[in-house]
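Structural overview for review
As a plain string of letters, each chain reads:
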There are 2 protein chains.
Amino acid sequence: MKTNIPERVSALREAMRQQQLDAYIITGSDPHLSEYPADRWKSREWISGFTGSAGTVVITADKAGLWTDSRYFLQAAVQLENSGIELYKQGLPDTPSIPDFLRAELHAGQTVGLDGQTYSAAEARSLGNELERKGILLDTTHDLIDGIWTDRPAIPENLIFEMPEELSGVPVREKLDRINNSLHGQGADCLILAALDEIAWTFNIRGTDVAYNPVAVCFAFISENESVLFIQPKKLTLDIAEHLKKEGVSLADYSMIHKYIAKLPENSKVLVDARKTNVSLFDAIPKGCVIMEGLSPANQMKSVKNETEIEGFRNAVVKDGVALTRFYIWLERQMEEGATVTEIDAAQKLSALRAEQPLYIMDSFATICGYAAHGAIVHYSATPETDTALRPEGLLLIDSGAQYLDGTTDITRTIALGEPTEQMKKDFTRVLKGTISLAKCKFPAGTRGSQLDILARKALWDCGINYLHGTGHGIGHCLNVHEGPQSIRMEENPVTLKPGMVTSDEPGIYRAGEYGIRTENMLLTQEDSETEFGKFLRFDTLTLCYIDTRLVIVPMLSVREHAWLNKYHQMVYDKLSPLLNEEEKAWLKEKTREI
Amino acid sequence: MKTNIPERVSALREAMRQQQLDAYIITGSDPHLSEYPADRWKSREWISGFTGSAGTVVITADKAGLWTDSRYFLQAAVQLENSGIELYKQGLPDTPSIPDFLRAELHAGQTVGLDGQTYSAAEARSLGNELERKGILLDTTHDLIDGIWTDRPAIPENLIFEMPEELSGVPVREKLDRINNSLHGQGADCLILAALDEIAWTFNIRGTDVAYNPVAVCFAFISENESVLFIQPKKLTLDIAEHLKKEGVSLADYSMIHKYIAKLPENSKVLVDARKTNVSLFDAIPKGCVIMEGLSPANQMKSVKNETEIEGFRNAVVKDGVALTRFYIWLERQMEEGATVTEIDAAQKLSALRAEQPLYIMDSFATICGYAAHGAIVHYSATPETDTALRPEGLLLIDSGAQYLDGTTDITRTIALGEPTEQMKKDFTRVLKGTISLAKCKFPAGTRGSQLDILARKALWDCGINYLHGTGHGIGHCLNVHEGPQSIRMEENPVTLKPGMVTSDEPGIYRAGEYGIRTENMLLTQEDSETEFGKFLRFDTLTLCYIDTRLVIVPMLSVREHAWLNKYHQMVYDKLSPLLNEEEKAWLKEKTREI
């Protein structure tokens, strides 16, 4: 525990008393509801000392709790010790939800407060409804943390950089035109953008304000008459400012967005995504405007990659494949030599090899390098406390990726460090059947991801096995490695798969205490054919990296799966070998040989 | 055209003028929104002369239109000739929807009328919203047809009969207790039931008021204090009335439901399914009540068959299998002898053979007997005009079923009447792969039908083929052959598949102008196993009838599909042969021999 946590909680309670709030919620989100917030917005960590990536703190006059999920039960228990903040383990049957907790602790007429900048309009509405059932009020207008966090970090002022037109394929002016056309088609006049990746895509800009996502902190407003980028002036070089102005973009200070929105003319039809816009900004829309809720055109257009972006992805996976090949060669040598390599060592080496590749910006997420039983922890990230040395036995699961200026990657491979058991091979082959079955399917235009999800799971379900994460998420073009709106998962999502979308394909099997297996490739949706029964689509596998055939039981593969694997390996060798030296080539030749 | 149609339309327009309605909609539904209405409610047919099973008539001061789908384009064109009613072909790009039409024809402030007894509350709400966009009003309180249809048939007064406890498995009193428990669990006080099958299931009654569905016209209200069945007294024998009273049921006249609902005490929490309750009844709920919309517990409980009902289904499919075997033997003999058999002859023979079976009540829908190109018309029903003689060539698709007091059946088989072409065999085998793939899958508890739908389509999609109907619908226990709430189809439906549900499995390929192929079995959802990854379910194929192996290309089947087919045929023979004579046995032995 950080020793000053109780003082901070006390200070917050004093602020609550002054504002007549009976409970206060701290989410640790930023005003853009980003997956990774900048330090300024790490308020959950500041108030509780808990450093995990997910959790919510709730403070009342006499209780304080942190809600987090099973990934963080151990870490949170340690970090909250003696802090006076109780751990609420989400997902356990006896753990109350936050609304349940608040309804039990407060009585009708009392008020729950939160900083509306850190809560989506959709979630605030749902929380408000839940509290209203007991007559409890919700006030989203107080950022109490700001008053007591005296050395709070500033809003990031890192320079933004341009995504050049050679790599984006479409100039800003054209994107704005397309967005305005789409707004017009829906009967909307204007659009508010708060999601950083949607803004980055629209304005062809990138940044380094947060970890793993090459985005910059800003807001945007788009209409036929005016498109405004709200950004700290210090983040702009003269060049970029000039370029944006030439493309028809007005520039305004980051802090001006609320005032600007508050002055929208009466009867404006404002398109806004309540799930991606903080409630404070959402509530700034004047009452006389017509709010139209829905996915933003930027979100939808961003998900369908153009030819230039696809070309970039094809370059990125070659670079990534070269780095991965070199990494697995290095790892094999280390193991042969009996050198000590830990999970963290391996992850760092892989990052270093990626960083040697042209246009590398950063990793696209924290590498999951899970050896043996650690592989069964789906969101495992090695810490100095858990870091384990690899031994010449068992399985190693590495899920990793990079941001290159021309594309983003996300790949998982599982390899055997020694002689695998029969069960390991069976499980590996089941997972591989899933990866292949999804990769090689053909489906009518208009199909949703939830309809295809079973293809990745069927070989598992047949044996009474399942995995509880999604099978596929969208991947941005030098943007968030997890993006929407499409997905391939058991849960329904009405978004259909469209040609140009890039989506992951990542089934897995996790045997608690033993090992985890996941084989993940990136899939590009493409047109396949048009028949008397309609238009059909298919996937093209983008990712280029060998699959450990020592773990494959060939008779378990169908004829077509077997053929796919050999053909895939041929492609991996053909595309990567021109960039490898003779020794590397020979190694890869062996790993990708026909089986 | 019926010669008096223009007079009827004129009379309606006069009634519209009197009530100051500027347009009037006639759906032809009954107050229970049944798939098959009794004659009294065939108002669409009365006003237009159109006898198809789906369509909506809209009359304005100077226009009259019938909207119907592609199944009925030809029939409607003939039946509407010289009627003054124009045909609007639904699904064609240039056809306006009914709300579009009304918005184009009427101006703000004008009023559209309809009989709220023939329109669901959910659809009325949606239509009202659509019309409101142009300031057009919707008035659902006028049954204008009643005033002008002077010889309108009475409400059916057929006697109801009991579904005995030996076949229902659960007495009425227990069903009412379970429903009240479910209401209590959801925080509701009472339930309004308008769907005839939900009422029939709840009160263990059956009837013959409409075609194909063994239900009786009635309403019901259920609460802890009182359960009331609203039914015409003439429909009740003394015995049944006594029995229902003993089970705690109050009886009231059918016409009293509105008055009863209108007197519900203030603050009553009323559960009602807006999609299955007519808007007139829905609007009778007093303003002071809390309306909770959702599936009724009766609908959900009805879909999960108990052990007794399942046993009944298993009896019903044996009887059905015997009738089908005898039918296909008869048909083969007729063809061999060169006798003339038309589609209608075949359908009638099949009904007659089913009627010989114990506890047969009626067919469960109009048999689809589609020879050659007729098989490609998905909802084909032979009429004297289309009836075709079968020839010793091409394919014959027969989709049929029966209501037995112990269970309902629905089965499709496609057979070759002569030497099939290679394409017929390929298509047949693709469809069969789909039927089998769904039938033999295993899936986690909590899976929805839309997740499994692809299993029935994958072999088709792989070749750029698709069918546009659902793969599976729920099947009632001596009730509607099409029931919910579950389904297996491309469209999302949040209802999960539960052990005890009976659902059809019916992929198909339709080559317009050539032939249609469909192979349909009924599947019972069952528990499979519980592993460290959770509970798994599977299907058990109920239907017992040979599949024409002359149409199967064995090498196109996977090893497991091939094994399934041989095992299925063994089961068909084992279960049916004890009820067949020696000649029939020998015939079935040959049809079900291992391939």
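On a predicted model such as this, the values are computed, not experimentally measured, just so you know.

Conventions used here
- Residue positions are given per chain, counted from 1 along the sequence in the order it is written.
- Labels are handed out in written order, letters beginning with A for the chains and numbers beginning with 1 for the ligands.
- Thresholds applied to this predicted model are a pLDDT of at least 70 for local features of residues and 80 or more for the giving and counting of side-chain atom pairs; totals over whole chains, interfaces and linings are not thresholded and use all residues.
- Calculation of side-chain values draws on the structure's entire complement of heavy atoms; hydrogens and water are dropped beforehand.
- Only DSSP runs of H or I reaching four residues or more are called helices, and only runs of E reaching two or more are called strands; each is numbered from the N terminus.
- Put simply, the radius of gyration uses C-alpha atoms, and a globule should come to 2.2 Å times the residue count raised to 0.38.
- Exposure categories follow from relative accessible area, calculated using a 1.4 Å probe and restricted to protein chains: below 20% of the type maximum is buried, above 50% is exposed, and the middle band is partly exposed.
- Any pair of residues with heavy atoms lying within 4.5 Å of one another is described as a contacting pair.
- Throughout, the Shrake-Rupley method with a 1.4 Å probe supplies accessible areas, and for residues the shown protein chains are the sole cover considered.
- The charge count includes Lys and Arg as positive and Asp and Glu as negative, but it does not include His or the ends of the chains.
- By convention, the point assigned to a charge is CZ for Arg, NZ for Lys, CD for Glu and CG for Asp.
- A score from 0 to 100, pLDDT tells how confident the predictor is in each residue.
- Pairing between strands is defined by DSSP: at least two bridges between the two strands are required.
- An axis is simply a line fitted to the C-alpha atoms; with a helix, the fit covers only the stretch in contact. Between two such axes, the angle follows the N-to-C directions and lies from 0 to 180 degrees.
- Once two parts are joined, some of their accessible surface, as seen by a 1.4 Å probe, is lost; buried area is that loss totalled over both.
- The term salt bridge refers to a side-chain nitrogen of Lys or Arg lying within 4 Å of a carboxyl oxygen of Asp or Glu.
- N or O atoms within 3.5 Å of each other form a polar contact, as long as, within protein, one can give a hydrogen and the other can take it, and as long as residues adjacent in sequence are counted only when both atoms are side-chain atoms.
- Each angle is binned into one of four classes, with values under 35 degrees roughly parallel, values over 145 roughly antiparallel, values of 65 to 115 roughly perpendicular, and all other values oblique.
- For this overlay, a least-squares fit was computed on C-alpha atoms, restricted to residues scoring pLDDT of at least 70 in both copies.
- Under the pairing criterion, centres of Phe, Tyr and Trp rings, with the six-membered ring standing for Trp, must be within 6.5 Å; the plane angle then separates stacked pairs below 30 degrees from edge-to-face pairs above 60, leaving the rest tilted.
- Note on terminology: a nonpolar core comprises buried Ala, Val, Leu, Ile, Met, Phe, Trp, Tyr and Cys residues joined through side-chain atoms within 4.5 Å.
- The sense of a crossing depends on the near helix, which, turned anticlockwise from the far helix by less than a right angle, makes the crossing left-handed and, turned clockwise, makes it right-handed.
- Put simply, Ala, Val, Leu, Ile, Met, Phe, Trp, Tyr, Cys and Pro go in the nonpolar bin, Asp, Glu, Lys and Arg in the charged bin, and everything else, Gly too, in the polar bin.

Moving on, we get to the overall build of chain A. Check the secondary structure of chain A and you find 19 helices and 28 strands. By the compact-globule yardstick of 25 Å for 595 residues, chain A fits well, its C-alpha radius of gyration being 25 Å. Over its C-alpha atoms, taken along the principal directions, chain A stretches across nearly 70 × 55 × 50 Å. Per-residue burial for chain A yields a buried fraction of 60% across its 595 residues. Pairs at least 24 apart in sequence give 70% of the contacts found in chain A among residues at least 6 apart. Just so you have it, chain A exposes about 23,300 Å², and 50% of that area is on carbon and sulfur atoms. Separation between the mean location of the 62 positive side-chain charges and that of the 84 negative ones in chain A comes to 3 Å.

All right, on to the confidence of the model for chain A then. Summarising the model, chain A shows a mean pLDDT of 96, and 99% of its residues fall at 70 or more. Here the predicted complex scores 0.94 on pTM and 0.92 on ipTM.

Residue and element names in this part refer to chain A. The strand order across the open sheet formed by 6 strands is 4-3-2-1-5-6, and the pairing between neighbours is mixed. Strand pairing shows two members of the sheet lacking a second neighbour, strand 4 (86-89) and strand 6 (137-139), which therefore form its edges. The sheet shows a mean angle of 25 degrees between the axes of neighbouring strands, taken without regard to direction. Note: strand 2 (residues 56-60) against strand 3 (residues 64-68), 4 bridges, orientation antiparallel. The residue of strand 3 that forms the bridge with V57 is L66. Packed onto the sheet, helix 3 (residues 73-80) meets strand 3 and strand 4 and runs at close to 170 degrees relative to strand 4. Running at roughly 150 degrees to strand 6, helix 5 (residues 121-132) makes contact with strand 1 (23-26), strand 5 (111-114) and strand 6 of the sheet.

It is worth spelling out the interface of chain A and chain B at this point. Between chain A and chain B, the contact holds 30 residues from the first and 30 residues from the second. Summed over both partners, the interface of chain A with chain B buries about 2,500 Å², with 56% contributed by carbon and sulfur atoms. Contact with chain B buries area across many residues of chain A, yet Q451(A), W461(A) and F533(A) alone supply 25% of it, more than any other trio. The interface formed by chain A and chain B contains 4 salt bridges. The closest approach of N and O atoms between D462(A) and R560(B), which form a salt bridge, is 3.4 Å. Between chain A and chain B we count 8 residue pairs in polar contact (both at pLDDT 80 or more) in total. Listed by contribution, the elements that provide at least two residues to the side of chain A that touches chain B are strand 21 (442-444), helix 17 (449-461) and strand 25 (508-511) of chain A. Sorting elements by how many residues they give to the side of chain A that touches chain B places helix 17 of chain A first, with 7 residues.

Let us now look at the packing of helix 17 of chain A against helix 17 (residues 449-461) of chain B. Between helix 17 of chain A and helix 17 of chain B, whose axes approach to 8 Å, the crossing angle comes to 90 degrees. Viewed along their axes, helix 17 of chain A and helix 17 of chain B adopt a mutual orientation that is roughly perpendicular. Residue-level contacts link S450(A), Q451(A), L452(A), I454(A), L455(A), K458(A) and W461(A) of helix 17 of chain A to S450(B), Q451(B), L452(B), I454(B), L455(B), K458(B) and W461(B) of helix 17 of chain B.

Superposing chain A onto chain B requires a rotation of 180 degrees together with a translation of 0.1 Å along the rotation axis, leaving an RMSD of 0.1 Å. Within this description, the copies of the chain are treated as partners about a two-fold rotation axis. Closest approach to the rotation axis among the C-alpha atoms of chain A is made by Q451(A), whose C-alpha sits 2.6 Å away. Mapped onto chain B, 100% of the interface residues of chain A are again interface residues, and the two copies thus contact each other with one and the same surface.

Another point: the packing of aromatic side chains. Following the criterion strictly, the structure yields 32 aromatic pairs over all chains and no others. Seen in terms of ring centroids, W564(A) and Y568(A) are 5.0 Å apart; in terms of plane orientation they differ by 5 degrees. Their pairing is stacked. Residue W564(A) and its partner Y568(A) are both found in helix 18 (residues 559-576); the two are separated by 4 residues, about one turn of the helix. Residue class for W564(A) comes out buried when judged on its relative accessible area of 14%. Ring plane angle 90 degrees and centroid distance 5.4 Å describe the contact between Y546(B) and W587(B), whose orientation is recorded as edge-to-face. Of this pair, Y546(B) sits in the loop between strand 28 (534-541) and helix 18 (559-576) while W587(B) sits in helix 19 (residues 582-591), and the two are 41 residues apart along the sequence. With respect to burial, Y546(B) and W587(B) carry one shared label: buried.

The next point concerns the nonpolar core. Among the nonpolar cores identified, the biggest contains 318 residues, and F203(A), L331(A) and F203(B) are the most heavily contacted of them. Beyond its immediate chain neighbours, meaning those up to four positions away, F203(A) contacts V172(A), L176(A), A220(A), I222(A), V228(A), L229(A), L244(A) and V249(A).

A word on the packing of helix 14 (residues 307-337) of chain A against helix 15 (residues 343-355) of chain A. Residue and element names in this part refer to chain A. Where helix 14 meets helix 15, the closest approach of the two axes is 9 Å, and the angle between their N-to-C directions is 140 degrees. Classified by the angle between their axes, helix 14 and helix 15 sit oblique to one another. Crossing hand, helix 14 versus helix 15: right-handed. Here helix 14 contributes D320, A323, L324, R326, F327 and W330 to the contact with helix 15, which in turn contributes D345, A346, K349, L350, L353 and R354. Among the residues forming the contact of helix 14 with helix 15, the class breakdown is 7 nonpolar, no polar and 5 charged.

Turning our eyes to something else, we now look at the pattern of salt bridges. Residues and elements named next belong to chain B. The tally for this structure, following the rule as stated, stands at 83 salt bridges over all chains. A salt bridge links R71 to D69, with the shortest nitrogen-to-oxygen separation between them at 3.0 Å. Look at the salt bridges and you will find they share partners, linking E332, R333, E336, E583 and K591 into a network.

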